[in-house]
Amino acid sequence: MSLSSTRIRSVEFEPLNVPLLEPFVIAIGRLDQVRNVLLTITLENGAIGYGEAAPLEPINGENQATVLATLKTLAPLLVGRDALEWRKLSAELYGLFSAQSAARAGLEMALLDAVTKTMRVPLYQFFGGVASSVETDISIPIVEPERARELAAGIAAEGVRVIKLKVGSGIASDLARTVAVQEGAPDCQITLDANQGYSAPDAVELLRELFGRGIRIRMFEQPVPKHDHLGMKFVTEQGGVPVAADEMVFCAADALRVAATGNANVVNIKLMKSGLVEGMEIAAVCRAGHIRLMIGGMIETKLAMCCSAHFAAGNGGFDFIDLDTPLLLAEDPFEGGYHRQGGLYTLAHIEAGIGCWPTGRSPGYLKL
Ligand SMILES: [Mg+2]
């Protein structure tokens, strides 16, 4: 193919606002509506790549307004460049806007969607083709125990095998909710995510109380604040369950610190924290350091979740999959994407790219 055919003709971006079915409450705040950004990159050859930036202020300090402002600066830098030089472009973006990770992730997503549509390969094969499906957990937010029990029973009835429970509201409250989930879905495994909501001793105390009730959770995610490295180490050593680093890992160097210090057993990769290229670097560091891999997301629509499913399936080696946020949305503004059955997302039917596009617009494939 000629170089000019993969030149970037345009980079467009616009608000992507989607109402939530009900307010989503985690330890760090409450959300009523998702306010993300949709990116569209068109190449000279006609391939269209779609990307999503999903900022979450308390996690990465970005919101819709900062993403739109960042893209106003970054988009013109990409126009006229060759999309096949995606690693080089990614490094330039990182050099200029390392902290604006959601904006960079959206650009990289759109870029690789357009590149793989040009190559006519689905994104999971581009990443290595290790698998063509992933099996996600489904999350339960901080709600009353009765509600948690109902939600758990409904999730189990759908055939989902892992429930991720948000905690961080205090030992007594979290204990009651976890017990209720176990009762509502006795055959499901449970992971906990405190979103930094615990002190290390309290996190270990919660686990001991759960053991005392016969509940051994599968994994405990980010129990303590992100800068509390010794606290993470304490929970990892004393808790008796795998501990995952989420908010404390944004780049490969952060992952290397986890591996070198033994502060956690698992790293949660989210494309919105690292971007796609740095996400691959994190995965490589974790593999070398015997750190298990998890993939998660912010509050994302099907577009970004489908991209993450490609990432985890194609790269392989992800033991923990947490890609359920489209289920929290009152609307699905996209066509295509993974096929879902219970917690299983399959991608095998996707012909090229992410395979997910905004409703009513071109899928963006190349004409044969
Ligand atoms: Mg988390």
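To be clear, the structure that these remarks concern was listed above.
Predicted, not measured: the structure shown is a model, and the values here were computed from it.

So, on to the overall build of the protein chain. Tallying secondary structure elements over the protein chain gives 13 helices and 16 strands in all. When the backbone C-alpha atoms are referred to their principal axes, the protein chain occupies close to 65 × 40 × 35 Å. Looking at the protein chain as a whole, 52% of its 368 residues qualify as buried. At a minimum sequence separation of 6, the contacts of the protein chain that also span at least 24 residues come to 76%.

Counting 116 residues, the largest nonpolar core has I163, A203, V267 and A309 as its most contacted members. Here this core gets ten residues from one element, more than from any other, and that element is helix 4 (residues 101–119). Not counting the four nearest positions on each side in its chain, A309 is found in contact with V134, L323, Y338, Y345 and L347.

We now examine the sheet that holds strand 8 (residues 219–221). If you walk across this open sheet you meet the eight strands as 5-6-7-8-9-10-11-12, and the pairing is parallel. Looking at which strands have only one partner, the edges of the open sheet turn out to be strand 5 (138–140) and strand 12 (318–321). Across the sheet, the axes of successive neighbouring strands diverge by a mean angle of 30°, strand direction being ignored. Note: strand 8 against strand 9 (residues 243–245), two bridges, orientation parallel. When the sheet's bridge partners are listed, F220 is paired in strand 9 with V243. Most of the contacts of helix 7 (residues 171–184) go to strand 6 (residues 162–166), to which it runs at about 160°, and overall it touches strand 5, strand 6 and strand 7 (189–193).

Let us now look at the pairing of strand 7. Regular strands show a simple pattern: their side chains alternate between the two faces of the sheet. Burial within strand 7 is extensive, with four of its five residues counted as buried. By the bridge criterion, five bridges tie strand 6 to strand 7 in an arrangement that is parallel. Paired with I163 across the bridge in strand 7 is I190. Following the chain from strand 6 across helix 7 to the adjacent parallel strand 7, one finds a crossover that is right-handed. With three bridges connecting them, strand 7 and strand 8 associate as parallel partners. Looking at strand 8, one finds that T191 is bridged to M219.

The strand order 4-15-14 describes an open sheet built from three strands, whose pairing is antiparallel. Either end of the sheet is taken by a strand with one partner, and the two such strands are strand 4 (133–135) and strand 14 (339–341). For this sheet, the mean angle separating the axes of adjacent strands, direction not counted, is 20°.

A word on the environment of G49. Here G49 lies in strand 3 (residues 48–53). Considered as a pair, G49 and L96 are 47 residues apart in the sequence and their alpha carbons are 22 Å apart. When residues no more than four places from it in sequence are discounted, the contact partners of G49 are I41, A110, L111, D113, A114, K117, G353 and G364.

Rules of the game
- Residues numbered from 1 in each chain as written.
- Predicted model: local features only at pLDDT ≥ 70, side-chain atom pairs only at ≥ 80, totals over all residues.
- Helix = DSSP H or I, 4+ residues; strand = E, 2+ residues; numbered from the N terminus.
- Buried ≥ 20, exposed ≤ 12 C-beta atoms within 10 Å, placed from the backbone.
- Contact = placed C-beta atoms within 7 Å.
- Core = buried A, V, L, I, M, F, W, Y, C linked by C-beta atoms within 7 Å.
- Pairing = 2+ DSSP bridges.
- Axes fitted to C-alpha atoms, helices over the stretch in contact; angles between N-to-C directions.
- Right-handed = clockwise from strand over helix to strand, strands pointing away.

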